[in-house]
Amino acid sequence: MNLIKTTIGACLCVSLVTLTPAVPAVRAEGGLSQAAAPAAEAGAAGASIDTAADRKAQPDSADRVLRRDLDMLYRDLTGIPVYGGTGGVGILGESAFPVSAPEGMASIGAARYGKGRIVLSGSAQYANLSPSADEAQRTLARNVLLWLTDEAHTNQGGGNDRTNRYEDALASRGNKKIRLATTSGSLAVDPALPIEVVRVESWANGNLNPQKVAVAYADGTMTEADAEALDDYVRRGGALIVAQNGRPLESITRSTPLEERVRIGNWRGARISADFPVQRLLNRAGLSLMNRELAAVASPTALTPEQAVNNRIRVRLEQGKGLEEGTLAIEQIDIGLPGAAPAKKRQLLTDVLTETLETITPETDLYAWAEQEVRRFGEVDFPIVKVNQPYRNALLNFEFSHFTLDPGNAKSPYADDFPGRVADDAPTVTGREVEVDLDFPEDVNYSLRLPNKNWVSTGLYAPPGKTVTLEVPAGTENVSVQIGSTDDDLRGSSTWNRVPLLVHFKKLTPGTVQVSSPYGGMIYLIPMKPTAGKTVTVTISGAVQAPYYELGKTTAEQWDAMRGSPATPYAELKSERIVLTVPSEFIRELTNPEELMKTWDDIVDSYDGLSGQSPTAPLPHTAERYPRYYVVDRQISSGALHAGYPIMAPFGAGKDLTNLDYIKTKAWGYWHELGHEYQQSAWTWGDVGEVTVNIYSLFIQEKYGNPSELLKTKNGKTYYQRAIDFLESADPNKKYGQLDNYDRLVLFKQLQMAYGWPFYTRLFAHYREMPKEERPGTNQQQIDTFAVTASKLAGEDLTEFFVKWSVGLSDEGKARIRAMNLPQPQTPPWTLRE
């Protein structure tokens, strides 16, 4: 690529001239899933990319238009703040521009599309039309509507009391209004504004007509049909506001509605680039949602036209390439707040390039260009430090982000490095039947803890680049297949020791389904939606048998044969309650899998016992039906270990998973992470997130006769001594949260010493039985409700206990305890120690 540098004021602006793919994107009729819209028709991303000759022939026209647009959007504003929780916005095409981008990633973007216009914001606060909006928000919302409707056609068919130009509506002093359509039942619009809100059930059935509806206000929940309707509406002259933080779209949590999880087809999370029609619509117009939240900035200055140009991704790509080739220095690149250090500027550039390319779809011509450009790097070596080569690594991240399980994938050149090599002579299985039980609770949050993700192990491994065939029986619904168990997504990590994204899934439909992964991996079937009393049997062919021990089924002779010459790089050991997924090298010397897995079952059964759950108990006290997983990976996303289903461990620590003596005596970290899976959200206030999990750790430590962790010393004192010092301190400013996590744990151990382990069994059960409307929501409510509940279950007034611990019990919480008229503790629990 060539760099053409132009100095505008004090900024170095770099114009991109060769990012267009060799074959232009063409939109097929009838679907957002097709390629991008024709340039002449829609003015989509890339459709009006100016060449250097174009700019020379018309040197000022684009500049004048951009300056006018920014002037309108910044009218009566000196700057636009970045609010906390704002999602990033990508600026892909020359028809789009950033409205606010103080550190290089936009929080608001705007674009012309066909005859219409679009404004995309990473937060609803940028289009706040409610009566509670502050002055800056009201001004910006006004400016957005002014710009969106600046060229709107007058409504010829709706009488003379409405116009589609917001400027005319404002000037009419209440005699005219614009119509704003929304599918949201909660969008608040100040009745004093000249806006008529029109509620529609769906965009597809909303009969959107730019002559009648001035503005459509949408978010990321639109369907394919909705997106098509909005696409047509804007191209015919309509105006669209999309207010959406992209990051939450990709996250699936315990509170994600069942139907949304089913639509996506997995518990891992979604991909903006694949699972949301809104992104394909936006990409056509040169805009993009991003999976990143921006740092809050209170008072950034207004963007100049030069800065707006510099914040288009095509310019940033040229800058990144120039940086790597030595034709640009980081100090020459206008990115970041004034005075940003070179390291900060490099990180910001890396983030913009990486996050933008990661989330694009084939609807933008950047996609075809990136597919072509990344090939010139060939195979690269790990580890990779992303900031060292921002341009190359952003393109690699693009390649790693967009793989599928469609049949016909080629084997990745990185597959043999990790997850690892499948033996060349490994035989493939034919007709292996795997049963999937669909009878499980629909409410994943009934235990108020991390939900189970329902992986069903097959014991089979998909060789990289090979097609695996699944026969799915008629009537099967809401079951997915997943290839890979090394589940951590490392795309956000600063360093990659392996390909950052290895696991993918595909929703199954009845009949023959073929899948293939470029990286290979263990195969799982995942039921997404329950059907009472139903099981389905899926038949798998073309996969390789992995070393697979199933407690009660695999014989010692079978296990010895598999562990001695493993055909796949990963092995699994499965009991009733737990699955260990480990590199095959870890199991070569494992001669006691039966005792090992019985011990793991014993640990999980003990957790269930302490929490008052069992597989046979009625809801809400039913234990998880599907087992929990520990998975060993070369690199994990955070911590020494981390929970989240699966529990992830790096190679160094992962070897201990199969060490029987270790898991009974020294496995505090593994007990801790399993505790996170059981931790109830309703009494996990801010100071105890890494504390209450260890109630289980202490329980298991005691169960196997080990000395208490709290008797260990730190800085010459045991945790009890440190805690007692705190409790006896008269400092009025002391706070529980200032303590070490193990010091904080003494509080929960003292409750156990005072009232026994059954105290916690009753506590867990009490919260499960608590009506939803009574569950605490705020941090303060969690503290107060816990103190009240603990007093009730103890049968003693524990106010003084919680006051001495300075947990932050409120006056209201104290009053609730006082109202129960409980006696004072016979033995003050704050004095207890082992």
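Values in this document were obtained by computation on a predicted structure and should not be read as measured data.

### Considering the overall build of the chain
Point 1. Helix and strand content of the chain: 27 helices and 29 strands.
Point 2. Its C-alpha radius of gyration of 30 Å places the chain within 12% of the 28 Å reference for a compact globule of 834 residues.
Point 3. In terms of overall dimensions, the chain has C-alpha extents of about 85 × 75 × 55 Å along its principal axes.
Point 4. In the chain, buried positions account for 58% of the 834 residues.
Point 5. Sequence separation of 24 or more characterises 73% of the internal contacts of the chain that already satisfy a separation of 6 or more.
Point 6. As displayed, the chain has an accessible area near 32,700 Å², and 48% of this comes from carbon and sulfur atoms.
Point 7. Positive and negative charge centroids in the chain, built from 86 and 102 side chains respectively, lie 3 Å apart.

### Points about the UniProt feature "domain: Peptidase M60" (unreviewed entry) in the chain
Point 1. Under the UniProt annotation, "domain: Peptidase M60" (unreviewed entry) lies at residues 453-756.
Point 2. Between the end C-alpha atoms of residues 453-756 there is a gap of 32 Å, over a span that is 28% helix and 24% strand.

### A short note on the pattern of salt bridges
Point 1. Applying the stated rule across the entire model yields 48 salt bridges.
Point 2. Among the ionic pairs, Arg165 bridges to Glu167, the shortest N-O distance being 3.0 Å.
Point 3. Judged by its relative accessible area of 19%, Arg165 falls in the buried class.
Point 4. By relative accessible area, which is 40% here, Glu167 ends up partly exposed.
Point 5. Via salt bridges that share partners, Glu228, Asp231, Arg235, Arg284 and Glu363 belong to a single interconnected network.

### Side note on the nonpolar core
Point 1. In terms of nonpolar packing, the biggest core is built from 139 residues, with Trp203, Val215, Leu230 and Leu240 touching the most fellow members.
Point 2. Ranked by residues supplied to this core, first place goes to helix 4 (residues 135-148) with 7 residues.
Point 3. Filtering out sequence-adjacent residues up to four positions away, Leu240 remains in contact with Arg117, Ile118, Val119, Leu148, Ala216, Ala218, Leu230, Val234 and Leu281.
Point 4. With 82 residues, the next largest nonpolar core counts Leu610, Leu641, Trp683 and Met770 among its residues.

### Some details on the packing of aromatic side chains
Point 1. Enumeration according to the criterion identifies 42 aromatic pairs in this entry.
Point 2. With 6.4 Å between their ring centres and 65° between their planes, Phe440 and Tyr626 make a pair best called edge-to-face. Remark: Tyr626 occurs in the loop between helix 17 (593-611) and strand 26 (628-633) and Phe440 occurs in the loop between strand 13 (432-437) and strand 14 (456-462); sequence separation between them is 186 residues.
Point 3. With relative accessibility at 11%, the residue Phe440 sits in the buried group.
Point 4. Each ring, one from Phe801 and one from Phe802, has its centre 5.1 Å from the other, and the planes form 80°; the classification is edge-to-face.
Point 5. An aromatic cluster is present here, built from Tyr607, Tyr678, Trp683, Trp685, Tyr696, Phe748, Phe764, Tyr767, Phe786, Phe801 and Phe802 joined pairwise through their rings.
Point 6. Across the ring face of Tyr678, the terminal group of Arg449 is positioned such that the distance to the ring centre comes to 4.0 Å.

### Brief notes about the domain arrangement of the chain
Point 1. Taken domain by domain, the chain consists of domain 1 (62-311), domain 2 (312-402), domain 3 (428-675) and domain 4 (679-831).
Point 2. For domain 1 and domain 2, the distance between their C-alpha centroids amounts to 27 Å.
Point 3. At the junction of the two partners, domain 1 supplies 28 residues and domain 2 supplies 25 residues.
Point 4. Together, Leu92, Glu103 and Asn310 form the three largest contributors to the area buried by domain 1 at its contact with domain 2, with a combined 26%.
Point 5. At the boundary of domain 1 with domain 2, the tally comes to 4 salt bridges.
Point 6. Here Glu94 ties to Arg312 by a salt bridge, and the two come within 3.4 Å at their closest N and O atoms.
Point 7. Summed over the shared surface of domain 1 and domain 2, the number is 13 residue pairs in polar contact (both at pLDDT 80 or more).
Point 8. Listing elements by their share of the side of domain 1 that touches domain 2, those giving two or more residues are strand 4 (96-100), helix 9 (272-275), helix 10 (277-284), strand 11 (287-293) and helix 11 (305-310).
Point 9. Residue contributions to the side of domain 1 that touches domain 2 peak at 5 residues, all from strand 11.
Point 10. Its residues assigned to classes, the side of domain 1 that touches domain 2 shows 12 nonpolar, 10 polar and 6 charged.

### Thoughts on the packing of helix 14 (residues 365-374) against helix 15 (residues 390-401)
Point 1. Helix 15 packs onto helix 14 with a crossing angle of 110° between their chain directions and a minimal axis gap of 9 Å. When the interaxial angle is binned, helix 14 and helix 15 end up roughly perpendicular. In this structure, helix 14 crosses over helix 15, and the sense of that crossing is left-handed. Together, Tyr367, Trp369, Ala370, Glu371, Glu373 and Val374 of helix 14 and Tyr391, Leu395, Leu396, Phe398 and Glu399 of helix 15 make up the contact between the two elements.
Point 2. Here the contact of helix 14 with helix 15 is composed, by residue class, of 8 nonpolar, no polar and 3 charged.

### Examining the sheet that holds strand 19 (residues 511-515)
Point 1. Strand order across the open sheet formed by 4 strands is 13-21-15-19, with antiparallel pairing between neighbours. For this open sheet the edge positions go to strand 13 and strand 19, each flanked by a neighbour on one side alone. Pairwise comparison of adjacent strand axes, ignoring direction, gives a mean angle of 25° for this sheet.
Point 2. Both strand 15 (residues 468-472) and strand 21 (residues 535-541) contribute to a ladder of 3 bridges, which runs antiparallel. Note that in strand 21 the partner of Leu470 across the bridge is Ile540.

### Details of unusual backbone geometry
Point 1. Here the bond from Phe418 into Pro419 is cis, since omega is 10°, no more than 30 degrees from zero.
Point 2. Within the secondary structure layout, Pro419 lies in the loop between helix 15 and strand 13.
Point 3. In this structure, Pro620 follows Leu619 across a cis peptide bond, with omega equal to 5°.
Point 4. The phi torsion at Asn454 lies on the positive side, around 65°, for a residue other than glycine.
Point 5. Within the element layout of this structure, Asn454 appears in the loop between strand 13 and strand 14.

### Brief notes about the side chain of Asp601
Point 1. Tracing the sequence through the fold places Asp601 in helix 17.
Point 2. Arg577 provides the closest opposite charge to the buried, unpaired Asp601, separated from it by 5.7 Å.
Point 3. Side-chain polar atoms of Asp601 contact the backbone nitrogen of Glu576, separated by 3.4 Å.
Point 4. Each residue touching Asp601, except ones within four places of it in the same chain, is listed here: Leu551, Ser575, Glu576, Arg577 and Ile578.

### Focus: the side chain of Arg165
Point 1. Checked against the element boundaries, Arg165 lands in the loop between helix 4 and helix 5 (166-171).
Point 2. Within the structure, the side chain of Arg165 is placed 3.0 Å from the side chain of Glu167, a separation counted as a polar contact.
Point 3. In this view, Arg165 contacts Thr149, Asp150, Ala152 and Ile178; residues no more than four positions away in its chain are not counted.

### A closer look at helix 4
Point 1. In this model helix 4 runs 20 Å from its N-terminal to its C-terminal C-alpha over 14 residues, within 8% of the 20 Å that 1.5 Å per residue would give.
Point 2. With respect to burial, helix 4 is a largely interior element, 10 of its 14 residues being buried.
Point 3. Here helix 4 has its buried residues at Gln137, Thr139, Leu140, Ala141, Asn143, Val144, Leu145, Leu146, Trp147 and Leu148.
Point 4. Two to three positions downstream of the cap, the backbone nitrogen of Ala136 sits 3.2 Å from a side-chain oxygen, assigning the N-cap of helix 4 to Asp134.

### Focus on the pairing of strand 5 (residues 108-113)
Point 1. With 5 of 6 residues buried, strand 5 lies mostly within the body of the structure.
Point 2. Sheet topology places strand 4 next to strand 5; 4 bridges connect them, and they run antiparallel. When the bridges of strand 5 are listed, Ala96 appears paired with Ala111.
Point 3. One ladder, built from 6 bridges, connects strand 5 with strand 6 (residues 116-121); its direction is antiparallel. By the bridge assignment for strand 6, Gly109 is matched with Leu120.

Criteria and cut-off values
- Residues numbered from 1 in each chain as written.
- Predicted model: local features only at pLDDT ≥ 70, side-chain atom pairs only at ≥ 80, totals over all residues.
- Heavy atoms only, no water.
- Helix = DSSP H or I, 4+ residues; strand = E, 2+ residues; numbered from the N terminus.
- Rg over C-alpha atoms; globule rule 2.2 N^0.38 Å.
- Buried < 20%, exposed > 50% of the residue type's maximum accessible area, 1.4 Å probe, protein only.
- Contact = heavy atoms within 4.5 Å.
- Areas by Shrake-Rupley, 256 points an atom, 1.4 Å probe, with all protein chains shown as cover.
- Lys, Arg positive; Asp, Glu negative; His and termini not counted.
- Charge placed at Lys NZ, Arg CZ, Asp CG, Glu CD.
- UniProt positions renumbered as here; feature names shortened; annotations may be inferred.
- Salt bridge = Lys/Arg side-chain N within 4 Å of Asp/Glu carboxyl O.
- Core = buried A, V, L, I, M, F, W, Y, C linked by side-chain atoms within 4.5 Å.
- Phe/Tyr/Trp six-rings, centres within 6.5 Å; stacked < 30°, edge-to-face > 60°.
- Lys NZ or Arg CZ within 6 Å of the ring centre and 35° of its normal.
- Domains from an automatic or database assignment.
- Buried area = accessible area lost by both parts, 1.4 Å probe.
- Polar contact = N/O pair within 3.5 Å; in protein donor to acceptor, adjacent residues only side chain to side chain.
- Nonpolar A, V, L, I, M, F, W, Y, C, P; charged D, E, K, R; others polar.
- Axes fitted to C-alpha atoms, helices over the stretch in contact; angles between N-to-C directions.
- Parallel < 35°, antiparallel > 145°, perpendicular 65-115°, else oblique.
- Left-handed = near helix turned anticlockwise from the far one by under 90°.
- Pairing = 2+ DSSP bridges.
- Expected span 1.5 Å × (residues − 1).

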